[in-house]
Amino acid sequence: MTIVLTLAALFALLLIRVPVAFALGGLGLAMLIFGGFSPLMAPQAILSTLDGFILLAVPLFLLMSNTLLRAGAGNDLFAAVSAWVGHWPGGLAVATILSCGVFAAISGSSVATAATIGTVAIPEMVNRGYNKRFVYGLLAAGGTLGILIPPSIPMIIYGFVTEESVIALFLAGVGPGLALLVLFIAFSMIYARFGGQEREAKRDWAERKRASLKALPSVILAVLIISGIYSGAFTPTEAAAIGFAAALVITVAMRMLTWEKFKLAIFDSMATTVAIILIIAGAKVFGKAITLYRIPQDISVMISQGVDTQLGFILVVTVVLLIMGLVFEALSMVLIMTPVLLPAALSLGLDPVWFGVYMVIMVECALITPPVGLNLYVIQSVAKTRLGEVSRGVLPFLMLMFVTAAILYVWHDLALYIPFKM
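What you see is a predicted model, and the numbers here were worked out from it, not measured in a lab.

> Pulling in residues and values, what's your account of the overall build of the protein?
Scanning the protein from terminus to terminus reveals 21 helices and 0 strands. On C-alpha atoms alone, the protein measures out to a radius of gyration of 21 Å, which is about the 22 Å that the 2.2 N^0.38 rule sets for 422 residues. Referenced to the eigenvectors of the C-alpha coordinate spread, the extents of the protein come out at roughly 70 × 45 × 45 Å. Looking at the protein as a whole, 55% of its 422 residues qualify as buried. Considering only intrachain contacts with a sequence separation of at least 6, the fraction spanning at least 24 residues in the protein is 78%. Surface accessibility of the protein: about 17,700 Å² in total, with carbon and sulfur atoms responsible for 69%. When the 23 basic and 19 acidic side-chain charges of the protein are each reduced to a single mean position, those positions are 10 Å apart.

Take a look at the structure:
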């Protein structure tokens, strides 16, 4: 009964438009007081959360991605990729997906990836005759690569909550991220071929070289971050700091960044960081309360008693996360559902790193499902179109995400092979 009342109260607060952070924190505090626990547990929980060194990576990655976004690095990246693959079937669509993949490896943010690449790719593709719904869906879905291809902010949060190695989670995201990238590219090429989309003219070597040199600093930055993390040269937080410093040096040296643009990047990063930290603090208070009420343990027992196979459990998790995704944004889902679902996953013998990657894929789906799919709103804003147009365009890509999740379930090594080998 406690579980039902808690969920009902939470959904009621969200329906009356109470911000997620305050809904979680306020409900958690009320539960502590009502249960006879000391309300001082709330500030203690918040303080114990905000002093985590790993969380420092979040604002630093946001500063890096927003600096590149304001400096227009996405334009150079898209132009370089287009120069190499633009003459393929669906070349601009392929260039868009590849650009999303590269920028995802720099920023770790889905919203930043969708906004950066969408700003330049949407007008280009629409002007070349691509169906608008397809273009909107492609960019909204392509942006979600930002939280699967490492570095990934949701993976940092998952590692923070579970105390799993963030580097292991990053490594585990490589295989599924590349698999999803390939599926998006294959679908785009098939769509363009059967849709009668004309190919672009093949660029000459001089143009390719010129475009590649302009985008080279962004690619080097991605390689620096990824190789540094995976080689153990620096931690994810140090990688974020080095990445931001390098992005600043590159954009200033190439005269891409003005003081006004840099101020906008700082304010954007600050606003997003505050929102994330508030959600984490609220979720921590809520998590403390439901733990004292033994709600995660009760849910875990209910799932274990009702579902005795890994497949059954994964199907339940999929349905629960998709429903949660209708109301919660990505980080809230990770923060709320991880303590609830992970004990049952471990009891059924699922690897916590693998389960984290699976959760991130489901969170990706939430990013492109209305009414709270943030990427839908980003693309709607960039394209200045109706939300319904973006939502309909994203459906085939949503199906491809489910296919990736199915492959990951059948073949666990898609995620686990690289971290175990390294």
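> Before we move on, could you go through the environment of Gly 287 and cite the residues and values that matter?
Inspection of the secondary structure puts Gly 287 in helix H13 (residues 259-292). Distance in space between the C-alpha atoms of Gly 287 and Val 18 is 18 Å, their sequence separation being 269 residues.

> Residues and numbers for helix H8 (residues 132-143), please.
With 12 residues, H8 should cover 16 Å at 1.5 Å per step; its first-to-last C-alpha distance of 17 Å lies within 8% of that length. Of all 12 residues in H8, 10 are buried, a share of seventy percent or more. Of all the residues in H8, the buried ones are Phe 134, Val 135, Tyr 136, Gly 137, Leu 138, Leu 139, Ala 140, Ala 141, Gly 142 and Gly 143. Buried residues along H8 sit in contact with helix H6 (91-107), helix H7 (110-127), helix H10 (166-194), helix H18 (374-383), helix H19 (387-393) and helix H20 (395-410). For H8, the N-terminal cap is Asn 131; the gap from its side-chain oxygen to the backbone nitrogen of Arg 133 is 2.9 Å.

> Hey, could you go over the packing of H6 against H10 for me, with residue numbers and the actual values?
With their axes 9 Å apart at the nearest point, H6 and H10 run at an angle of 165° to one another. Comparing the axis directions of H6 and H10 gives the class roughly antiparallel. Our pair here, H6 against H10, has a crossing hand that is right-handed. Within the contact between the two elements, H6 uses Ala 93, Val 94, Ile 97, Leu 98 and Gly 101 and H10 uses Leu 181, Phe 184, Ile 185, Ser 188 and Met 189. When grouped by side-chain class, the residues that make up the contact of H6 with H10 number 8 nonpolar, 2 polar and no charged.

> An account of the nonpolar core is requested, with residue identities and associated values reported.
Residues Met 64, Ile 157, Phe 313, Trp 354 and Phe 355 are the most contacted members of the largest nonpolar core, which totals 148 residues. If one sorts the elements of this core by residue count, helix H17 (residues 352-367) sits on top with 13 residues. The residues contacting Ile 157, other than those within four sequence positions of it, are Leu 55, Val 58, Ile 280, Leu 331, Val 334 and Leu 335.

> Please provide a residue-by-residue account of the pattern of salt bridges, values included.
A full pass over the atoms with the stated rule returns 8 salt bridges. Here Glu 389 and Arg 133 are joined by a salt bridge, their closest N and O atoms 3.4 Å apart. With Glu 389 in helix H19 and Arg 133 in helix H8, the pair connects residues that are 256 residues apart, well separated along the chain. Overall, Glu 389 belongs to the buried group, its relative accessible area being 15%. By relative accessible area, Arg 133 is classed as partly exposed at 35%. Salt bridges sharing partners connect three or more residues here, namely Arg 133, Arg 386, Glu 389 and Arg 392.

> Tell me about H20, residues and numbers included.
The terminal C-alpha atoms of H20 lie 23 Å apart, and with 16 residues this matches the ideal 22 Å at 1.5 Å per residue to within 8%. Within H20, the full set of buried residues consists of Phe 397, Leu 398, Leu 400, Met 401, Thr 404, Ala 405 and Leu 408. Looking down the long axis of H20, one finds its buried residues gathered within 155° of arc, a one-sided arrangement.

> Let's hear about the side chain of Thr 96: which residues, and what values?
Inspection of the secondary structure assignment puts Thr 96 in helix H6. Residue classification places Thr 96 among the buried positions, given a relative accessible area of 0%. If we ignore the near neighbours within four places in the chain, the residues touching Thr 96 are Phe 78, Ile 117, Ala 121, Met 125, Leu 138 and Leu 139.

> So what about the packing of aromatic side chains? Which residues, and what values?
Summed over the entire model, instances satisfying the criterion amount to 12 aromatic pairs. Ring geometry for Trp 84 and Trp 205: centres 5.4 Å apart, planes at 75°, overall edge-to-face. With a gap of 121 residues between them, Trp 84 in helix H5 (residues 73-85) and Trp 205 in helix H11 (residues 205-231) connect regions that are remote in the sequence. The exposure class assigned to Trp 84 is partly exposed, which follows from its relative accessible area of 36%. With a centroid separation of 5.4 Å and an interplanar angle of 85°, the aromatic rings of Phe 184 and Phe 397 are classed as edge-to-face. One end of the pair, Phe 184, is in helix H10; the other, Phe 397, is in helix H20, and 213 residues separate them in sequence. Classification of Phe 184 by relative accessible area gives buried; the value is 0%. Grouped by ring-pair contacts, the aromatic residues Tyr 130, Phe 134, Phe 184, Phe 187, Tyr 191 and Phe 397 constitute a single cluster. The ring of Trp 205 carries the charged tip of Arg 208 above its face, separated from the ring centre by 5.0 Å.

> Describe unusual backbone geometry, naming the residues involved and giving the relevant values.
Negative phi characterises most residues that are not glycine, and trans characterises most peptide bonds. Non-glycine residue Glu 163 carries a positive phi angle of around 65°. Assessed through its relative accessible area of 72%, Glu 163 is described here as exposed. The residue Lys 384 is not glycine, and still its phi comes out positive at about 55°.

Reading guide: rules and limits
Residues numbered from 1 in each chain as written. Predicted model: local features only at pLDDT ≥ 70, side-chain atom pairs only at ≥ 80, totals over all residues. Heavy atoms only, no water. Helix = DSSP H or I, 4+ residues; strand = E, 2+ residues; numbered from the N terminus. Rg over C-alpha atoms; globule rule 2.2 N^0.38 Å. Buried < 20%, exposed > 50% of the residue type's maximum accessible area, 1.4 Å probe, protein only. Contact = heavy atoms within 4.5 Å. Areas by Shrake-Rupley, 256 points an atom, 1.4 Å probe, with all protein chains shown as cover. Lys, Arg positive; Asp, Glu negative; His and termini not counted. Charge placed at Lys NZ, Arg CZ, Asp CG, Glu CD. Expected span 1.5 Å × (residues − 1). Polar contact = N/O pair within 3.5 Å; in protein donor to acceptor, adjacent residues only side chain to side chain. Axes fitted to C-alpha atoms, helices over the stretch in contact; angles between N-to-C directions. Parallel < 35°, antiparallel > 145°, perpendicular 65-115°, else oblique. Left-handed = near helix turned anticlockwise from the far one by under 90°. Nonpolar A, V, L, I, M, F, W, Y, C, P; charged D, E, K, R; others polar. Core = buried A, V, L, I, M, F, W, Y, C linked by side-chain atoms within 4.5 Å. Salt bridge = Lys/Arg side-chain N within 4 Å of Asp/Glu carboxyl O. Arc of directions from axis to C-beta. Phe/Tyr/Trp six-rings, centres within 6.5 Å; stacked < 30°, edge-to-face > 60°. Lys NZ or Arg CZ within 6 Å of the ring centre and 35° of its normal.

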